[in-house]
Amino acid sequence: MEADLNQIVRCLNQDFKQQKTVFSAMALKETNPCIVLMEDHRKRRLNDALYQYPDFIAELESLIYRCLIDVRGARESASPSEIFISKAQLYSPYHYLVTFL
């Protein structure tokens, strides 16, 4: 995963620049477990725990997994990555940490 992280972040940001998504990304930790900071530019205020917003989580996960598959290809199919999404409230209410386990 470490070797692929910058390409995954590049894929996520390319989608943002092409207005395919409202999320931008930045690598925070490039060693295992890798951590990416995602920003929701739609600025949805999610006041409750993330599990109470299944549509939001599904949107974020589908974007991340699509980039994982684009970058990692067959390796992702053979050994799927697990991700954990949490709020990054120290940054802003619109930032989320994605940890690749």
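So, how was this worked out
Residues numbered from 1 in each chain as written. Predicted model: local features only at pLDDT ≥ 70, side-chain atom pairs only at ≥ 80, totals over all residues. Heavy atoms only, no water. Helix = DSSP H or I, 4+ residues; strand = E, 2+ residues; numbered from the N terminus. Buried < 20%, exposed > 50% of the residue type's maximum accessible area, 1.4 Å probe, protein only. Contact = heavy atoms within 4.5 Å. Salt bridge = Lys/Arg side-chain N within 4 Å of Asp/Glu carboxyl O. Axes fitted to C-alpha atoms, helices over the stretch in contact; angles between N-to-C directions. Parallel < 35°, antiparallel > 145°, perpendicular 65-115°, else oblique. Left-handed = near helix turned anticlockwise from the far one by under 90°. Nonpolar A, V, L, I, M, F, W, Y, C, P; charged D, E, K, R; others polar. Patch = residues over 30% accessible without salt bridge, like charges linked within 9 Å, V, L, I, M, F, W, Y side chains within 5 Å. Areas by Shrake-Rupley, 256 points an atom, 1.4 Å probe, with all protein chains shown as cover.

S.K.: What's the story with the environment of N13 in this structure? I'm lost.
M.R.: Looking at where N13 falls in the secondary structure, it is placed in helix α1 (residues 5-17). In this structure N13 comes out as buried when scored by relative accessible area, which is 18%. For the pair N13 and M38, spaced 25 residues apart in the sequence, the C-alpha separation amounts to 9.8 Å. Leaving out residues up to four positions away in the same chain, N13 has contacts with S24 and A25.

S.K.: Help me understand the pattern of salt bridges in this model?
M.R.: When the charged atoms of two side chains with opposite charge come close together, those side chains can pair. According to the stated counting rule, one finds six salt bridges in the structure shown. In this structure, the salt-bridge partner of R66 is D70, at a minimum N-O distance of 2.5 Å. Remark: D70 and R66 occur in helix α2 (residues 54-72); sequence separation between them is four residues, near one turn of the helix. Connected through salt bridges with shared partners, the residues D15, R66 and D70 form a single ionic network.

S.K.: What exactly am I supposed to notice about the packing of α1 against α2 here?
M.R.: Helix-helix packing: each pair is described by the crossing angle between the helix axes and the interaxial distance. Following both chains from N to C, one finds α1 and α2 inclined at 125°, their axes separated by 9 Å at the closest point. Here α2 runs oblique to α1, going by the angle between their axes. Between α1 and α2 the crossing geometry is right-handed. Contacts between α1 and α2 pair Q7, I8, C11, L12 and D15 from the former with L63, I64, R66, C67, L68, D70 and V71 from the latter. The residue inventory of the contact of α1 with α2, partitioned by class, reads eight nonpolar, one polar and three charged.

S.K.: Honestly, a nonpolar patch on the surface in this entry has me stumped. Any pointers?
M.R.: A contiguous nonpolar patch, built from M26, L28, L90 and Y91 and spanning about 470 Å² of accessible area, is present on the exposed surface. Within the secondary structure, Y91 sits in the loop between β3 (83-87) and β4 (95-100).

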